[in-house]
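These are the residues of each chain, in order.
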Amino acid sequence: SQLLTDKTAVVTGAASGNGRAIARRFAEEGADVVIADVQTEPREGGRPTHEKIEAETDARATFVECDVSERADVKRAVEAADEFGGLDVMVNNAGISGPEKSFVDLEQAEFEKLMHVNLNGVFYGCQEAALKMIAQGEGGSIINMSSAGGLVGVPDASAYSTAKGGVRLLTYSLAAELGEDGIRVNTLHPGVIETAMTKRDGSIIGSGRKELLKRGDVSFKQLIKGSVRGEIIKRHAIPLSEFGDPKHVADAAVFLASDLSEYISAESIAVDGGMVNT
Ligand code: NAD
């Protein structure tokens, strides 16, 4: 049986990586999904993701162009859930990684850009979703995408860590306020997941990557795909000995969206192969 039958979810940043995997897994579990992203959906086999999801699952899916750092866009994305009968699950997933830079070199504009997308974006998403869920009167689940970097400080990623730590405490505060309305609010904390984000600039890989690149004998592509992969995994001490896949994040999101977690709120789940707590 399916875990999300009769539910509607809005997933921000769902044109790529973790968000896209979450939207697809939700649809496989029976949820109708609103895919919201600042970039248009990639075409897979000639069709955008939401059409592919509709063709390959029993769920309905739609796309909304949305920059999460613009409140009006986020409101539109949340309202799009009405097309499918209202909002049950809000996944504030959209995020960017910052420049890999020491704190003293970080420019104010770079810091603020990170905050606008990774923290303000989650604030808008939570507030618009909460208002709607309260008005509907049937509770709901809000899932905020933090990071391993929202549990521990990451060198050369102070803005990213600040925003992600803020997401975690925003989540706990909201859980305290919204529990009486039956709204659960939780965070996910991916470790090193192979998505466009980590492949593109590797900022989440952090200092380990920088050291290896400094040697000048490896490209970032080699670093992620090639023989030095083991070295990175060792450096990050990932007990399960592998980088993660967006599917792993999506499976945890299904749990938090579903009634399997009906008594879980203000909780943080790391999806990191055991990295942060070891
Ligand atoms: P990704 O780059 O593959 O996907 C991010 C998506 O968010 C893209 O589709 C992008 O267009 C969208 N996006 C960016 N800015 C946006 C904006 N202003 N408004 C709307 N959409 C926007 O990256 P990902 O790895 O899938 O990241 C998804 C989330 O997971 C992020 O919040 C990220 O911080 C978090 N995360 C990722 C990792 C990892 O290792 N990949 C680790 C920890 C946390």
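Above this text you will find the structure in question.
Residues numbered from 1 in each chain as written. Predicted model: local features only at pLDDT ≥ 70, side-chain atom pairs only at ≥ 80, totals over all residues.

1. Overview of the overall build of the protein chain
Point 1. Within the protein chain, the regular secondary structure consists of ten helices and nine strands.
Point 2. By residue count, 48% of the 278 residues in the protein chain fall in the buried class.
Point 3. Across the protein chain, contacts joining residues at least 24 apart in sequence account for 73% of those joining residues at least 6 apart. (Helix = DSSP H or I, 4+ residues; strand = E, 2+ residues; numbered from the N terminus. Buried ≥ 20, exposed ≤ 12 C-beta atoms within 10 Å, placed from the backbone. Contact = placed C-beta atoms within 7 Å.)

2. Notes on the environment of Phe 123
Point 1. Secondary-structure assignment places Phe 123 in helix α4 (residues 108-136).
Point 2. For Phe 123 and Ser 69, which are 54 residues apart along the polypeptide, the C-alpha to C-alpha distance reads 9.4 Å.

3. Here's the deal with the site of the ligand
Point 1. Taken together, the neighbourhood of the ligand is formed by 30 residues, with Gly 13, Ser 16, Gly 17, Gly 95 and Met 197 sitting nearest.
Point 2. Of all the secondary-structure elements, those providing two or more residues to the shell around the ligand are α1 (17-28), α4 and α6 (196-200).
Point 3. Taken together, the residues of the shell around the ligand sort by class into 14 nonpolar, 14 polar and two charged. (Near = placed C-beta within 6 Å. Nonpolar A, V, L, I, M, F, W, Y, C, P; charged D, E, K, R; others polar.)

4. Topic: helix α10 (residues 246-257)
Given 3.6 residues per helical turn, the α-helix brings residues three or four places apart onto the same face.
Point 1. An ideal rise of 1.5 Å per residue puts 16 Å on twelve residues; α10 measures up with 16 Å between its terminal C-alpha atoms.
Point 2. Summarising burial for α10: nine of the twelve residues are buried, a large majority.
Point 3. Buried residues in α10 make contact with β1 (8-12), α1, β6 (89-92), β7 (140-145), β8 (183-190) and β9 (268-271). (Expected span 1.5 Å × (residues − 1).)

5. Observations concerning the packing of α4 against helix α5 (residues 158-178)
Point 1. In the contact formed by α4 and α5, the axes pass within 9 Å of each other and the chain directions differ by 15°. With respect to α5, the axis of α4 lies roughly parallel. Handedness of the crossing formed by α4 with α5: right-handed. Counted together, Glu 110, Phe 111, Leu 114, Met 115, Asn 118, Leu 119, Val 122, Phe 123, Cys 126 and Ala 130 of α4 and Ala 159, Tyr 160, Ala 163, Lys 164, Gly 166, Val 167, Leu 170, Leu 174 and Leu 178 of α5 form the full contact between these two elements.
Point 2. Residues that form the contact of α4 with α5 fall into these classes: 15 nonpolar, two polar and two charged. (Axes fitted to C-alpha atoms, helices over the stretch in contact; angles between N-to-C directions. Parallel < 35°, antiparallel > 145°, perpendicular 65-115°, else oblique. Left-handed = near helix turned anticlockwise from the far one by under 90°.)

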